[in-house]
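# Architecture and fold: a report
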Amino acid sequence: MTGTSFKPLGTQPLAARALLARPAPGKAVTAQSPALEVMTDFTATNPVCIAPDASLFAANEAMIAHRVRLLFVADSEQLLGIVSTQDTLGERPLQLRHQGKGNVFDLSVADLMHPLSSLAMLRLGDVRHANVGDLLATFKRLGRQHLLVGEEPAGQPLTVRGMFSATQLGRQLGVPVETFETAQTFAQIEAALGA
C-alpha cells in the first residue's frame, strides 16, 4: 500500500459503567408470518459444508464448532447431500457396522449422508407465497427436521438457496415443532400398526 498514509483513531476514557448494545428484539413469529422471514438464506449466511470423505468425528466436531445440527456434504462446489446429528450420533453408524461396514471409526460422512436424490426440496417461488403455518404443515407431512429451498435462476443449474430448521422455527415460535405425527387415541395407534 504505497503512497497511502493512515492515521490512528482517537480514543476516549471510559466511565466506571456503560451500557452494552444489544440487538433489537426480532419481530414475533406467528403461523401467519411470511415463510421467507424464517428461512436461513444462503445468500446472507454461509452454509457449513464438509467433504464426503471426512470422518464422523470430524463431522460431529464441525457441527459443535459451528453450532449447527446439519452439514452440507460438498465436493468442491457441487452439493452431494446432507448429514445431521441424527445420522452421526443415532443408530445408523451401529446399523452399518452390523452390516459389515467396519467399525464406527472407519465410517465416513459419505456412508451416512442423505444424497440429494433422496431429499425433497421446496421451490423458492412457492416459499415466497407461503407462511409459517404452511411450513409447519410441510414439516409434519414430510416428517423431516430440515427443509431445503431451491431456485433455478434463468439459464442456470438448480441452486440450494436456503433452508428451514424445525428446531429453529420452534425457538422462533416459542413452542416445539413436532416433525412426526403422534397418535392420540388407541384407535389411531391400532390403525398405524395395522397399516
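In short, a report on the structure. Because the structure is a prediction, the values reported are computed rather than measured.

Parameters at a glance
Residues numbered from 1 in each chain as written. Predicted model: local features only at pLDDT ≥ 70, side-chain atom pairs only at ≥ 80, totals over all residues. Heavy atoms only, no water. Buried < 20%, exposed > 50% of the residue type's maximum accessible area, 1.4 Å probe, protein only. Helix = DSSP H or I, 4+ residues; strand = E, 2+ residues; numbered from the N terminus. Arc of directions from axis to C-beta. Pairing = 2+ DSSP bridges. Contact = heavy atoms within 4.5 Å. Axes fitted to C-alpha atoms, helices over the stretch in contact; angles between N-to-C directions. Phe/Tyr/Trp six-rings, centres within 6.5 Å; stacked < 30°, edge-to-face > 60°. Core = buried A, V, L, I, M, F, W, Y, C linked by side-chain atoms within 4.5 Å.

### As for helix α1 (residues 56-66)
- For α1, every residue scored as buried is listed here: Leu56, Ala59, Asn60, Ala62 and Met63. Burial along α1 is one-sided: seen end-on, the buried residues are contained in an arc of 160°. Every exposed residue of α1 that faces more than 90 degrees away from the buried side is listed here: Phe57, Ile64 and Ala65.
- Phi turns positive one or two residues past the end of α1, at Arg67, with a value near 55°.

### Regarding the sheet that holds strand β1 (residues 40-41)
- Read across the open sheet, the four strands follow the order β1-β8-β7-β6; overall the sheet is mixed. On the outer flanks of this sheet lie β1 and β6 (121-123), each paired with one strand and no other.
- Along the sheet, helix α6 (residues 132-142) contacts β6, β7 (146-151) and β8 (159-165); its crossing angle with β7, the most-contacted strand, is approximately 115°.
- Sheet contacts for helix α7 (residues 166-173): β1 and β8; angle to β8, the most-contacted strand, approximately 50°.

### With respect to the packing of aromatic side chains
- Scanning all chains against the criterion turns up one aromatic pair.
- Both rings, one in Phe42 and one in Phe72, keep their centres 5.3 Å apart while their planes meet at 85°; by these two values the pair is edge-to-face. A residue pair is termed long-range when its members are at least 10 positions apart, and Phe42 in the loop between β1 and β2 (49-50) and Phe72 in strand β3 (residues 70-75) qualify at 30 residues. Neither residue differs from the other here; Phe42 and Phe72 are each classed as buried.

### Thoughts on the nonpolar core
- Core analysis: the largest hydrophobic core is formed by 16 residues, its most contacted members being Ala35, Val38, Leu135, Phe139, Val149, Phe164 and Leu169.
- For this core, the secondary structure elements donating two or more residues are α5 (124-128), α6, β7 and α7.
- Ranked by residue count, the leading element in this core is α6, at three residues.
- Setting aside anything within four residues of it in sequence, one finds Phe139 in contact with Arg144, Gln145, His146, Leu147, Phe164, Ser165, Ala166, Leu169 and Thr179.
- Val48, Ile50, Leu56 and Met113 belong to the second largest nonpolar core, which has 15 residues in total.

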